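If you want the building blocks of each chain, they are given just below.
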Amino acid sequence: MSRIGLLVPSSNTTIESEFYRALPPGVTLHVARLFLTQIATDSILSTVQDLEIQSRNLASADVDVIVLGAAAPSFLKGLGYDRELIKKIRAVTGKRATTASTALIEALQHLGVSRVVLGAAYDDKVNAIAQAFLESNGIEVLAAHGLGLVDNLVVGRLGSDSAYELARKIDRPDAEAIVLACTNWKTMDVVEKLERELGKPVVSTTQVSVWAALRAIGRIEGVPGYGRLLRDLAAPSQQTQLA
């Protein structure tokens, strides 16, 4: 039995259910919450104030890896900020760790992707920060579009059709993949359908978090139904780098 520890924003009502459905037998999920209600820069920054306390709480369940399943709080300060948060988790727990943002970059590298379009639930300000984070990590963002939302509960109430429609809208021929950002936005149910229709990888911040967590605990069985990344989990590539 393997255990995944997941740190989620307190108002996130989506990522846990999407994670649970994708995990294979023999893997359990254990969750701690970090306070967040608004996807605005000040609120996002304060989300990680309790990072070390909640990480220690998860570590007490003897989890094998801790994932910060929150995209915006892990890319907010740009290049390298996700790694700083990983080091903090590691320092107080002794556990392997990653973040949704770290997993996103590594997943795109795994897929051999360097040009993307970005769709997100965020407003223009946070979406611009997400775009800058990708570009600082060597990923060219050809276009970025957000839903303009700030209230995280509102995001969680959206159906997955909103992700499907935005992905179809922003796709362009020169994009090698589509990125869907925000772990409170329902995306997992439409990834496979979008890939079939658009003929390219579609990655979401929840999907890549599951992918990184499974690789961290040594699971190599593919997980069908959620796109190429999880379906071909055992495909050879560079090892996910966890602190």
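The structure contained in this document is the topic of the report that follows. None of the values given here were measured: they were computed from a predicted structure. (Residues numbered from 1 in each chain as written. Predicted model: local features only at pLDDT ≥ 70, side-chain atom pairs only at ≥ 80, totals over all residues. Heavy atoms only, no water.)

Attention now moves to the packing of aromatic side chains. Summed over the entire model, instances satisfying the criterion amount to 2 aromatic pairs. When the centroid spacing of 6.0 Å and the interplanar angle of 75° are considered together, the rings of phenylalanine 75 and tyrosine 122 count as edge-to-face. Of this pair, phenylalanine 75 sits in helix H4 (residues 71–75) while tyrosine 122 sits in the loop between strand E5 (115–120) and helix H7 (124–136), and the two are 47 residues apart along the sequence. Following the ring pairs from residue to residue traces out a cluster consisting of Phe75, Tyr122 and Phe133. The ring of tyrosine 164 carries the charged tip of lysine 193 above its face, separated from the ring centre by 4.4 Å. (Phe/Tyr/Trp six-rings, centres within 6.5 Å; stacked < 30°, edge-to-face > 60°. Helix = DSSP H or I, 4+ residues; strand = E, 2+ residues; numbered from the N terminus. Lys NZ or Arg CZ within 6 Å of the ring centre and 35° of its normal.)

A word on the sheet that holds strand E4 (residues 96–99). Reading across the sheet, the 4 strands line up as E2-E1-E3-E4 and stay open at both edges, with parallel pairing between neighbours. Taken across any chain shown, the strands that pair with only one partner, and hence form the sheet edges, are strand E2 (27–34) and E4. For this sheet the average axis-to-axis angle between neighbouring strands, irrespective of direction, equals 20°. Taken together, the 4 bridges between strand E3 (residues 65–68) and E4 define a ladder with parallel strand orientation. When the sheet's bridge partners are listed, valine 65 is paired in E4 with arginine 96. Each of E3 and E4 is contacted by helix H6 (residues 100–110), which is oriented at about 80° to E4, the strand it contacts most. (Pairing = 2+ DSSP bridges. Axes fitted to C-alpha atoms, helices over the stretch in contact; angles between N-to-C directions. Contact = heavy atoms within 4.5 Å.)

So, on to the nonpolar core. Grouped together as the largest cluster of nonpolar side chains are 90 residues, with contacts concentrated most on Ile4, Leu7, Phe19, Phe75, Leu108, Tyr122 and Leu214. The greatest single-element share of this core, amounting to 7 residues, is contributed by helix H11 (residues 205–216). When neighbours within four sequence positions are excluded, isoleucine 4 is seen to be in contact with Phe19, Leu23, Val27, Thr28, Leu29, His30, Val63, Val65, Val67, Ala213, Leu214 and Ile217. (Core = buried A, V, L, I, M, F, W, Y, C linked by side-chain atoms within 4.5 Å. Buried < 20%, exposed > 50% of the residue type's maximum accessible area, 1.4 Å probe, protein only.)

Here we take up the packing of helix H9 (residues 161–170) against helix H10 (residues 188–198). Two elements in contact, H9 and H10, have axes separated by 10 Å at closest approach and are oriented at 25°. Regarding the angle of H9 to H10, the classification is roughly parallel. The crossing of H9 and H10 is right-handed. Residues Ala163, Tyr164, Ala167 and Arg168 of H9 lie in contact with H10, whose contacting residues are Val190, Lys193, Leu194, Glu197 and Leu198. A per-class count over the contact of H9 with H10 returns 6 nonpolar, no polar and 3 charged. (Parallel < 35°, antiparallel > 145°, perpendicular 65-115°, else oblique. Left-handed = near helix turned anticlockwise from the far one by under 90°. Nonpolar A, V, L, I, M, F, W, Y, C, P; charged D, E, K, R; others polar.)

So yeah, pure geometry; function would need other evidence.
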